[in-house]
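Chain by chain, the residues:
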Amino acid sequence: MKRILVTGALGQIGSELITKLRSEYGADNVIASDIRTADTEAVTGGPFEILDVTDGEKMNEIVSKYKVDTMMHMAALLSAKAEQFPQMAWNLNMGGLMNGLEAAREHKLQFFTPSSIGAFGPDTPKTNTPQDTVQRPTTMYGVNKVSGELLCDYYFKRFGVDTRGVRFPGLISYVTPPGGGTTDYAVEVYYEALKSGRYTSYIDKGTFMDMMYMPDALQAIVDLMEADPVKLEHRNAFNVTAMSIEPEMVAAEIKKHIPSFEMIYKPDPVRQAIADSWPDAIDASAAKAEWGFKAQHDLASMTTDMLSKLKTTITN
Ligand code: SER
C-alpha cells in the first residue's frame, strides 16, 4: 500500500478513511475520488478527482495518472436506499465493483471493498452467525453484497488479484452522517440527543444488530490490508463486529450522560423488515484468528466519545 485510490471518499466511511490513510501513508499518496465535490478535508487535504464509479474508463485513467497500487472501493448505495431504487442499486453497486476489480486486474492493484451484515438473510443463524453459513438475503443491497463477495473471491482465484474485505456491521461516527442505511438510527440518535433531547427511532425496541465505532472500522481496514496473505484463509467478507445492541440499550447509555433524554419508537416498516432479516450478533472469530482483528470500543466508551465530539460540532 503505497499509493491508494479511494472511491466514495466523501461518504460515511470514505471521508474518515482518507484522513487516516493520509496521516499514515502521506497526503500525496492517497487519492480521494467521489461523484461530487465538497469543501472538506478529502478534497482540500490532498489529491482529489471527480469519479463516477460506473465510468470504468475514467477509473483506469486515474489509476494510471497517479500510478496507484491499491484501491479501496467504498462507493455504494446503502440498504434502505437500495430498496427504494433497486435497479439503480444494482447498476451502481455491481457496475462500480466490476470496474474496480477490472482496474485491479489490469493494473495489478491490491483491492479492498466492504461487504456487510446485509449479506445475510432470514435463513441465516441469528446469533453467533458463523463466518461461513447460509446467505440468502431478501434485499437488493444483500443480493449486491453476496454477489460482490463471490466476485472478489473469483477475481482472486481466477486472476490472482489480491482482494480483501470485511462484512461491516452498522458503523457509528461523528464526522459524516450515513445516508440511506438501516443502521443509521444508531448515529442519528446521538445528534438528536444533543439537539433536542429526544429521538424517534424507526427501529423498534428489542431489535438487535451488530455495530462498531468508526475508528475500529478504519483500523480493521488497514490491519487487513497489511496482513500477511499466507495467513488469510478467507481473504474476503470477514465478519467483524464490536457490539450487538438494540435501541433501548443505546437510549439507556445516553441517559447516563443526558438523564432527561427520551426515546420514542415509531418503526418504519421497510427498515424494520430489513433489520429483522439480518443477524442479531455475528461471530468474528475468523477475523481474529486470521489477521488479529480487535475492536477497542464498546457501547459505553463509544457513547462517551460520540457525545463529547458531537457536542463541539453541534454547538459551534
Ligand atoms: N449500515 C449499512 C446499512 O444499514 C449496513 O451495511 O445499510
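Here the residue numbers are simple positions, counted from 1 along each chain's written sequence. With pLDDT at 70 or above as the cut-off, local features in this predicted model cover only qualifying residues; side-chain atom pairs require 80 or more to be listed or tallied, and sums for whole chains, interfaces and linings still use all residues. Just so you know, side-chain values use all the structure's heavy atoms and leave hydrogens and water out.

Draft legend 1. Looking closely at unusual backbone geometry. Unlike most non-glycine residues, K67 shows phi in positive territory, near 50°. Helix and strand assignments come from DSSP, with helices taken as H or I runs of at least 4 residues and strands as E runs of at least 2, each series counted from the N terminus. Along the chain, K67 falls in the loop between α3 (56-65) and β4 (70-73). In the Ramachandran plot, A237 falls in the positive-phi region, its phi being about 60° despite a non-glycine side chain. Along the chain, A237 turns up in the loop between α8 (214-226) and β13 (238-239). Classification of residues uses two cut-offs on accessible area relative to the type maximum, computed with a 1.4 Å probe and protein chains only: under 20% is buried, over 50% is exposed, and between them is partly exposed. Classification of A237 as buried rests on a relative accessible area of 6%.

Draft legend 2. Focus on the packing of α3 against helix α5 (residues 86-107). Between N-to-C directions, angles span 0 to 180 degrees; the directions come from axes that are lines fitted to C-alpha atoms, helices contributing only their stretch in contact. Packing of α3 against α5 leaves a shortest axis separation of 10 Å and a crossing angle of 40°. In terms of orientation, α3 and α5 fall into the oblique class. Read as a crossing pair, α3 and α5 show a hand that is right-handed. Packed against α3, whose contacting residues are G56, M59, N60, V63 and S64, the element α5 presents G96, N99, G100, A103, E106 and H107 at the interface. Residues are grouped as follows: Ala, Val, Leu, Ile, Met, Phe, Trp, Tyr, Cys and Pro are nonpolar; Asp, Glu, Lys and Arg are charged; all remaining types, including Gly, are polar. Its residues assigned to classes, the contact of α3 with α5 shows three nonpolar, seven polar and one charged. Convention used here: angles under 35 degrees read as roughly parallel, angles over 145 as roughly antiparallel, angles from 65 to 115 as roughly perpendicular, and any remaining angle as oblique. Handedness of each helix crossing follows the sense of rotation of the near helix against the far helix: counterclockwise by less than a right angle gives left-handed, clockwise gives right-handed. Contacts are residue-level and defined by heavy atoms, with any inter-residue pair within 4.5 Å sufficient.

By themselves, these observations are geometric and do not establish any function.
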